Amino acid sequence: QVQLVESGGGSVQAGGSLRLSCVVSGYTYSSILDMAWFRQAGGKGREAVAGIYTDGGTTDYADSVKGRFSISQDNAKSTLFLQMNSLKPEDTATYYCAAATSPSRYSYAMFHPMRYNYWGQGTQVTVSS
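The structure displayed is predicted, hence computed values, not measured ones.

### Thoughts on the overall build of the protein
(1) Moving on: When helices and strands are counted, the protein shows zero helices and 11 strands.
(2) Moving on: Computed over C-alpha atoms, the radius of gyration of the protein comes to 14 Å, within 12% of the 14 Å expected from 2.2 N^0.38 for 129 residues, which places it in the range of a compact globule.
(3) Moving on: In terms of principal-axis extent, the alpha carbons of the protein reach across some 45 × 25 × 25 Å.
(4) Moving on: Expressed as a percentage of the 129 residues in the protein, the buried residues total 43%.
(5) Moving on: Partitioning the intrachain contacts of the protein with sequence separation of at least 6 by distance along the chain shows that 56% fall at a separation of at least 24.

### Description of the sheet that holds strand β3 (residues 18-25)
(1) Moving on: The strand order across the open sheet built from four strands is β1-β3-β8-β7, with neighbouring strands paired in antiparallel fashion. The open sheet terminates on both sides in strands that have one partner only, identified here as β1 (3-7) and β7 (69-74). Between one strand axis and the next, the sheet turns by 15 degrees as a mean value, whatever way the strands run.

### A short note on the environment of S64
(1) Moving on: Here S64 is to be found in the loop between β6 (59-61) and β7.
(2) Moving on: Taking the relative accessible area as the measure of exposure, S64 reaches 36% and is therefore partly exposed.
(3) Moving on: The residues contacting S64, other than those within four sequence positions of it, are R39 and E47.
(4) Moving on: Within the local environment of S64, its side chain forms a polar contact with the side chain of E47, the two groups lying 3.2 Å apart.

### Points about the state of the cysteines
(1) Moving on: A full pass over the atoms with the stated rule returns one disulfide.
(2) Moving on: Here C22 is linked by a disulfide to C97, with a sulfur-sulfur distance of 2.0 Å. Disulfide C22-C97: torsion about the S-S bond near 55 degrees, hence right-handed. Remark: C97 occurs in strand β9 (residues 93-100) and C22 occurs in strand β3; sequence separation between them is 75 residues. As far as burial versus exposure is concerned, C22 and C97 are alike and both buried.

### Section: the pairing of β1
(1) Moving on: Burial of β1 is one-sided: the residues L4 and E6 facing one way are buried, the residues Q3, V5 and S7 facing the other way are not.
(2) Moving on: Where β1 lies against β3, five bridges are found, and the strand directions are antiparallel. By the bridge assignment, L4 is partnered in β3 with V24.

### Quick notes on the nonpolar core
When a protein is soluble and globular, its nonpolar side chains tend to lie buried together.
(1) Moving on: Among the nonpolar cores identified, the biggest contains 28 residues, and M35, W37, L80, L82, M84 and Y95 are the most heavily contacted of them.
(2) Moving on: For this core, the secondary-structure elements that each account for two or more residues are β3, β4 (34-40), β5 (46-53), β7, β8 (79-84), β9 and β11 (123-128).
(3) Moving on: Leave out the neighbours within four places in its chain, and Y95 touches E6, L20, W37, F38, R39, V49, F69, L82, M84, G122, T123 and V125.

### Topic: the pairing of β4
(1) Moving on: When you tally the buried positions in β4, you get six out of seven residues, the bulk of the element.
(2) Moving on: With seven bridges joining them, β4 and β5 adopt antiparallel strand pairing. The partner of R39 across the bridge, within β5, is E47.
(3) Moving on: If you look at the hairpin formed by β4 and β5, you'll find five residues sitting between the two strands, and G43 has a positive phi there, around 80 degrees.
(4) Moving on: Bridge count between β4 and β9: seven bridges; the pairing is antiparallel. Bridging across to β9, F38 finds its partner in Y96.

Reading guide: rules and limits
- Residues numbered from 1 in each chain as written.
- Predicted model: local features only at pLDDT ≥ 70, side-chain atom pairs only at ≥ 80, totals over all residues.
- Heavy atoms only, no water.
- Helix = DSSP H or I, 4+ residues; strand = E, 2+ residues; numbered from the N terminus.
- Rg over C-alpha atoms; globule rule 2.2 N^0.38 Å.
- Buried < 20%, exposed > 50% of the residue type's maximum accessible area, 1.4 Å probe, protein only.
- Contact = heavy atoms within 4.5 Å.
- Pairing = 2+ DSSP bridges.
- Axes fitted to C-alpha atoms, helices over the stretch in contact; angles between N-to-C directions.
- Polar contact = N/O pair within 3.5 Å; in protein donor to acceptor, adjacent residues only side chain to side chain.
- Disulfide = S-S within 2.5 Å.
- Core = buried A, V, L, I, M, F, W, Y, C linked by side-chain atoms within 4.5 Å.

Below you can see the structure in the form of structure tokens.
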């Protein structure tokens, strides 16, 4: 059974930092095409935050988080990370990790939610002023 389990969420003051983790089990990490972080805030739709290819480590970021967030991975430990610095109240959201493993979905671009066929349950991040 494939599982993605997020952790590291919590409450932090504006300007602070958090590091999110996503552990993948039941699937060979190197066989995943790319991993991504999404978030959904109250009253808003799902937003792609950052993505990374498992082979080579090429990354991409949403404009709203460039320069503040950094996505990385430990392939040997099947773990994805999101380092979040200089957090702002508008970063408050539920954060989800996702994996793309289905070739039939690869026609969808990175950051398109339909590209990703496995999802975690999410971890809450709250940033206060």
